Amino acid sequence: MSASAYQIIDGKAVSLASKEQTAKAVAAFRQATGVQPCLAVVLVGDDPASRVYVNNKKKACEFCGIRSLEYALPAETEKDELLALIEKLNADPSVHGILVQLPLPRPGDEEAVIAAISPQKDVDAFHPVNVGKIMQGTAELLPCTPAGILALLAAAGVTVAGKDCVVVGRSNIVGKPMAMLLLREHGTVTICHSKTQNLAAKCREADILVAAVGKPKFITADMVKPGAVVIDVGVNRLENGKLCGDVDFDAVAPRTAAITPVPGGVGPMTIAMLMQNTLTAAKTQTQQG
Ligand code: NDP
């Protein structure tokens, strides 16, 4: 097949535009209400990747005019201590968003910790109440990575309505909510996972293919319909230290109409959506206050 022109969807540019828009909206909100949106980030332990994510969130807050609070707790922090901190933040009217950086050193604590966050302040949209609203199509706080992907599709001029969408991966953080948001946009959605039969054939049906597997170069050219839009959520660290997506970019890209790169595709959008959610949470809480 001869290489055709394809669009590389520039997540950095779309993320910057989104953060600029949020910064303007934050300034207008502060002017109108005197309230500065505030995000509290809780980091337990000293995982280097988590530290980088938390620092990036802090920088994005500064950019958008959002106040940020950071609580760095030692890895051995007891669950009760963490829950007490969340209770304190839930009760503090000056805090609008609460994010506990995952994974926790004790992954068994995650369910209780997520459930303890007030749904109105749950800017990751992981609380069961918000997950339920995503199912109902009534959520105001959308999970950041899937919401970022919708924003990328919109920026690339891709309409979802009526399209065959295939999501590979069914995690609670990416795959499942992604499928729900594509459904909300009137896509016809198939969710694939490790037990799916004839995966390549199912992927080849996709007008929009979202890969959230966590395996480098998992999606190969033979799995992609010519002219499809391919969204690569994967962030995999190769032995040479380089980042690599779930899609074999060099082989797949020429078959596509549009594709996201790794890095510089989906990744930057997640934080931009977190900023939007923090403003949304502040607005909701201020209206009710
Ligand atoms: P999980 O490990 O939680 O889920 C991976 C999914 O892939 C599972 O549903 C699994 O199926 C499926 N899978 C695994 N192997 C296969 C296979 N051989 N065939 C079909 N499906 C398979 O990962 P996450 O959803 O949390 O993350 C996915 C990727 O996205 C990771 O690389 C992660 O780093 C990245 N990520 C990037 C973000 C960003 O901001 N850019 C944010 C979040 C994640 P099963 O359920 O059957 O086990």
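Note that the structure is predicted; figures quoted are calculated from it, not measured.

A.B. asks: Quick rundown of the nonpolar core? Include the residues and the values.
C.D. replies: Among the nonpolar cores identified, the biggest contains 52 residues, and Leu39, Leu153, Leu182, Val210 and Ile231 are the most heavily contacted of them. Residue contributions to this core peak at 9 residues, all from helix 10 (residues 267–288). Among the domains, domain 1 (34–118) and domain 2 (143–267) are the pair contributing at least three residues each to this core. In this structure Leu153 touches Val158, Val160, Leu182, Ile208, Val229 and Ile231, once residues within four positions along its chain are discounted.

A.B. asks: Explain the pattern of salt bridges to me, using residue names and the numbers behind them.
C.D. replies: Applying the stated criterion across every chain, the model contains 5 salt bridges. A salt bridge links Glu70 to Arg51; the nearest nitrogen and oxygen atoms lie 2.9 Å apart. Linking Glu70 in strand 3 (residues 67–73) with Arg51 in helix 2 (residues 48–64), this pair joins segments that are 19 residues apart in sequence. Overall, Arg51 belongs to the partly exposed group, its relative accessible area being 29%. Measuring nitrogen to oxygen at the nearest pair gives 3.2 Å for the salt bridge that ties Asp109 to Arg106.

A.B. asks: Requested: an account of the domain arrangement of the protein chain, with residues and values cited.
C.D. replies: Structurally, the protein chain comprises domain 1 (34–118) and domain 2 (143–267). The C-alpha-based centres of domain 1 and domain 2 are spaced at 29 Å.

A.B. asks: A description of the environment of Asp92 should follow, citing residues and the corresponding values.
C.D. replies: In this structure, Asp92 sits in the loop between helix 3 (79–91) and strand 4 (97–100). Once the C-alpha coordinates of Asp92 and Asn172 are considered, the two residues, 80 residues apart in sequence, prove to be 28 Å apart.

A.B. asks: Pulling in residues and values, what's your account of the packing of helix 6 (residues 144–155) against helix 7 (residues 175–184)?
C.D. replies: One way to put it is that helix 6 packs onto helix 7 with a least axis distance of 9 Å and a crossing angle of 40°. The orientation of helix 6 with respect to helix 7, classified from their angle, is oblique. Of the two possible hands of crossing, helix 6 and helix 7 adopt the one that is right-handed. On the side of helix 6, the interface is formed by Pro146, Ala147, Ile149, Leu150 and Leu153, while helix 7 contributes Pro177, Met178, Leu181, Leu182 and Arg184. Among the residues making up the contact of helix 6 with helix 7, the classes are represented as 9 nonpolar, no polar and 1 charged.

A.B. asks: Lay out the site of the ligand in plain terms, naming residues and giving numbers.
C.D. replies: Arg170, Ser171, Ser194, Val235 and Thr270 are the nearest of the 21 residues found near the ligand. Within the side chain of Lys215, an N or O atom sits 3.1 Å from a nitrogen atom of the ligand. Val235 has a polar backbone atom sitting 3.0 Å from an oxygen atom of the ligand. Protein chains shield 69% of the accessible area of the ligand, which is 930 Å² for the free molecule. Broken down by class, the residue content of the shell around the ligand amounts to 9 nonpolar, 10 polar and 2 charged.

A.B. asks: Account for helix 3, naming residues and giving values.
C.D. replies: With 13 residues, helix 3 extends 18 Å between its outermost C-alpha atoms, agreeing within 8% with the 18 Å of an ideal straight helix rising 1.5 Å per residue. By the burial criterion, the buried members of helix 3 are Leu82, Leu85, Ile86, Leu89 and Asn90. What you see down the axis of helix 3 is that its buried residues fit within an arc of 140°, all on one side. Exposed positions of helix 3 whose direction lies more than 90 degrees from the buried face are Asp80, Glu81, Lys88 and Ala91. Contacts made by the buried residues of helix 3 are with strand 2 (38–44), strand 3, strand 4 and helix 4 (110–116).

A.B. asks: If you had to explain the pairing of strand 4 to someone new, which residues and values would you point to?
C.D. replies: The alternating pattern of strand 4 places Gly97 and Leu99 on one face and Ile98 and Val100 on the opposite face, and all of these are buried. Pairing analysis gives 4 bridges linking strand 2 to strand 4, with the strands arranged parallel. Each residue of the ladder has a partner; that of Val42, found in strand 4, is Val100.

Parameters and conventions
- Residues numbered from 1 in each chain as written.
- Predicted model: local features only at pLDDT ≥ 70, side-chain atom pairs only at ≥ 80, totals over all residues.
- Heavy atoms only, no water.
- Core = buried A, V, L, I, M, F, W, Y, C linked by side-chain atoms within 4.5 Å.
- Buried < 20%, exposed > 50% of the residue type's maximum accessible area, 1.4 Å probe, protein only.
- Helix = DSSP H or I, 4+ residues; strand = E, 2+ residues; numbered from the N terminus.
- Domains from an automatic or database assignment.
- Contact = heavy atoms within 4.5 Å.
- Salt bridge = Lys/Arg side-chain N within 4 Å of Asp/Glu carboxyl O.
- Axes fitted to C-alpha atoms, helices over the stretch in contact; angles between N-to-C directions.
- Parallel < 35°, antiparallel > 145°, perpendicular 65-115°, else oblique.
- Left-handed = near helix turned anticlockwise from the far one by under 90°.
- Nonpolar A, V, L, I, M, F, W, Y, C, P; charged D, E, K, R; others polar.
- Near = heavy atom within 4 Å.
- Polar contact = N/O pair within 3.5 Å; in protein donor to acceptor, adjacent residues only side chain to side chain.
- Areas by Shrake-Rupley, 256 points an atom, 1.4 Å probe, with all protein chains shown as cover.
- Expected span 1.5 Å × (residues − 1).
- Arc of directions from axis to C-beta.
- Pairing = 2+ DSSP bridges.

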